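# Structural characterization, general
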Amino acid sequence: MFRKKAKVDAVEGDAAAADDRLSALPDELLHKVMSFLRAWEVARTCVLSRRWRNLWASAPCIDLRVCCKARHRRLPMQLARFANHFLLLREVSAPLDTLRLLSSPTRNETLYYPYTYSPEYDDDGDDYCCTDVEMWFRAAINRGARFIQLSQHPRDEAFSDLRSVPVISCHLKHLHLSGTILHDKTLRQLSSQCPSLEVLELKECFLDGPQISSASLISLTMVECRIMADLSIAAPNLISLHCVCPYHRAPSFENTASLATGTIILNDSFLHDKFEYKYKDLNPDVFECDSDDGNDSNDDNYDSDADSDLSTCEGFYGTKVLGGQNVICSLSNATSLELIADAGEVILNRELEMCPIFSNLKALSLGEWCMAADLHPLVLFMQHAPNLERLFLKLKMDHEEIEENINPEGSSFACKNLATVKIKCHKEDERVHVLAQFFVANGIAMEKISVDHRPTRVTRQTCQSLALRR
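Residues numbered from 1 in each chain as written. Predicted model: local features only at pLDDT ≥ 70, side-chain atom pairs only at ≥ 80, totals over all residues. Heavy atoms only, no water.

Turning our attention to the state of the cysteines. Note on terminology: disulfide describes a covalent bond linking the sulfur atoms of two cysteines. Counting across every chain of the model gives 0 disulfides. Free cysteine: C129, not disulfide-bonded; nearest cysteine sulfur from C130 at 5.1 Å. Looking at C129, the relative accessible area reads 5%, which means it is buried. (Disulfide = S-S within 2.5 Å. Buried < 20%, exposed > 50% of the residue type's maximum accessible area, 1.4 Å probe, protein only.)

Below is the structure:
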């Protein structure tokens, strides 16, 4: 009887194994599936079957972010203790490719680590502190991680500080940081002691050093970073640059001859010598750590806003605009450029006086600043970009009555390859017909010009009638 039952169980087990096609996949594919899970979800797979029992210990991706609670329940009761054990019990020979984590949340001293039970934090899995974050970051560096992402916790009111973490690695290729202080020591380590670093993304970081210099860097993104000292960027192999709304100073650029795509968005009111930065409370309910913005704003679906959302800050004008040296000349070999600023912008107009020839430029996006002085910035770019194919003009969406007449007569250019001109503006912006007439006068066919009025679009026929109004 016992043998018969054992035989039946074996048959049922074989049938179940035959139906479990997921477990039949190789480790590489199962690890790929695990990369979409948080670390505590990966650990729970050990109970699925014997095949999965030790698979978690060699998973190359460790994700310790706790922000998306609706999608990643149930969180461990004590995240710090879980994460320490998870890292400690991993297979020693298993490579660690990716680490994603959040900075530690600000808390009352009565709720402070280590391991003090508190329903307010334990229910959210937020029972860790900055020391834990530094230890996990250091562990990833020591294990040869290629991708590290440290995002700011929505309840973190301070900057993460990596001063005590030696960022020295010959394996690190991608580093994404937000809400982090980068002192001169850390910037020098990234420049000279991370020889494989290719992608550096900094969002709302605090930079206090003179230079970022890297021969390996291919992509650099700096979004709303506070630059506290004169900062120069030197990266001879840099291909992609995004510098969006720096505060206090704009970085200067040198040795960027390989640059192919560049986005520069500036606001002078944040770059004066007497500028003060003021916070406004952020809503943690709208925080989403899985977001990944990687769209190309110069494609046919170009739809970025003309004015950056700067509502979280207040500016105070001083006497001098700081930084931004060589910003336009450094982009001379680019194939795609986006230069956005408001009317009267200082840095771009100053650097435009040394405007080079953009022989490789195919796609160009300009903001409100290009409309000044009878379209002088726009004309200058058109004259220095002979191979331009696509032009995007993003004008102010809040309509203001234009007191001065725009008269670009006598300003000519030759762009034989220009196939698309897209103008985004307010529906009552009377400058549209001036622009249309300007392009037509320089040999651009009317059917190549389109106007985007939000929320409706102006057809090419409407654009024709605007151009013929004079």
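More follows now that the structure is in view.
Another aspect to go through is the pattern of salt bridges. Taken as a whole, this structure holds 13 salt bridges when the rule is applied. Among the ionic pairs, K362 bridges to E389, the shortest N-O distance being 3.9 Å. Separated by 27 residues along the polypeptide, K362 in the loop between helix 8 (346-352) and strand 17 (363-366) and E389 in the loop between helix 9 (372-383) and strand 18 (390-394) bring together distant segments of the chain. Each of the salt bridges in this network shares a partner with another, and the network as a whole consists of R38, D63 and R65. (Salt bridge = Lys/Arg side-chain N within 4 Å of Asp/Glu carboxyl O. Helix = DSSP H or I, 4+ residues; strand = E, 2+ residues; numbered from the N terminus.)

Glancing now at the nonpolar core. F137, L378, L391 and F439 are the most contacted members of the largest nonpolar core, which totals 111 residues. Ignoring any residue separated from it by four or fewer positions in sequence, one finds L391 in contact with L364, L378, M382, L418, T420, V421, K422 and F439. (Core = buried A, V, L, I, M, F, W, Y, C linked by side-chain atoms within 4.5 Å. Contact = heavy atoms within 4.5 Å.)

Right, let's talk about the confidence of the model for the protein chain for a bit. Mean pLDDT over the protein chain: 80, with 74% of residues reaching 70 or higher. In this model residues 108-125 is a low-confidence stretch, pLDDT under 50, and it forms 40 contacts with partners more than four residues away in sequence or in other chains. Note that pLDDT drops below 50 for residues 456-470; the model gives that stretch 24 contacts with residues more than four away or on any other chain. (pLDDT = per-residue confidence, 0-100.)

Attention now goes to the packing of aromatic side chains. Going through the model one piece at a time under the given rule, you end up with 10 aromatic pairs. Aromatic side chains Y247 and F270 sit 5.1 Å apart centroid to centroid with 65° between the ring planes, which places their arrangement in the edge-to-face category. Pair noted here: Y247 is in the loop between strand 13 (240-244) and strand 14 (252-254) and F270 is in the loop between strand 15 (261-265) and strand 16 (336-340), with a separation of 23 residues, a long-range link. Relative to F438, the ring of F413 has its centre 5.5 Å away and its plane inclined at 50°; by these criteria the two rings are tilted. On the criterion of sequence distance, the pair formed by F413 in the loop between strand 18 and strand 19 (420-425) and F438 in helix 10 (residues 432-441) is long-range, its members being 25 residues apart. Relative accessible area serves as the criterion here: at 9%, F413 is assigned to the buried category. (Phe/Tyr/Trp six-rings, centres within 6.5 Å; stacked < 30°, edge-to-face > 60°.)

On to the packing of helix 9 against helix 10, then. When two helices pack together, you describe them by how their axes are tilted relative to each other and by the distance separating the axes. Look at helix 9 against helix 10: their axes get within 13 Å of each other, and the N-to-C directions meet at 30°. Here helix 10 runs roughly parallel to helix 9, going by the angle between their axes. Crossing angle aside, the handedness with which helix 9 passes helix 10 is right-handed. Each of L375, L378, V379 and M382 in helix 9 lies in contact with helix 10, whose residues at this interface are L435, F438 and F439. By residue class, the composition of the contact of helix 9 with helix 10 is 7 nonpolar, no polar and no charged. (Axes fitted to C-alpha atoms, helices over the stretch in contact; angles between N-to-C directions. Parallel < 35°, antiparallel > 145°, perpendicular 65-115°, else oblique. Left-handed = near helix turned anticlockwise from the far one by under 90°. Nonpolar A, V, L, I, M, F, W, Y, C, P; charged D, E, K, R; others polar.)

Now for the pairing of strand 5 (residues 174-178). Most of strand 5 is tucked away: 4 of the 5 residues are buried. As paired elements, strand 3 (residues 147-151) and strand 5 share 4 bridges and run parallel to each other. If you follow I148 over to strand 5, its bridge partner there is L175. In terms of strand pairing, strand 5 meets strand 7 (residues 199-203) through 5 bridges, oriented parallel. Bridge pairing in strand 7 places L175 opposite L200. (Pairing = 2+ DSSP bridges.)

It is the contact of helix 4 (residues 79-88) with helix 6 (residues 130-142), at a shortest axis distance of 11 Å, that shows an interaxial angle of 15°. Taken together, helix 4 and helix 6 sit at an angle that is classed as roughly parallel. The chirality of how helix 4 crosses helix 6 is left-handed. Two secondary-structure elements touch here, helix 4 through A80, A83, N84 and L87 and helix 6 through D132, M135, W136 and A139. In the contact of helix 4 with helix 6, the residues fall into 6 nonpolar, 1 polar and 1 charged.

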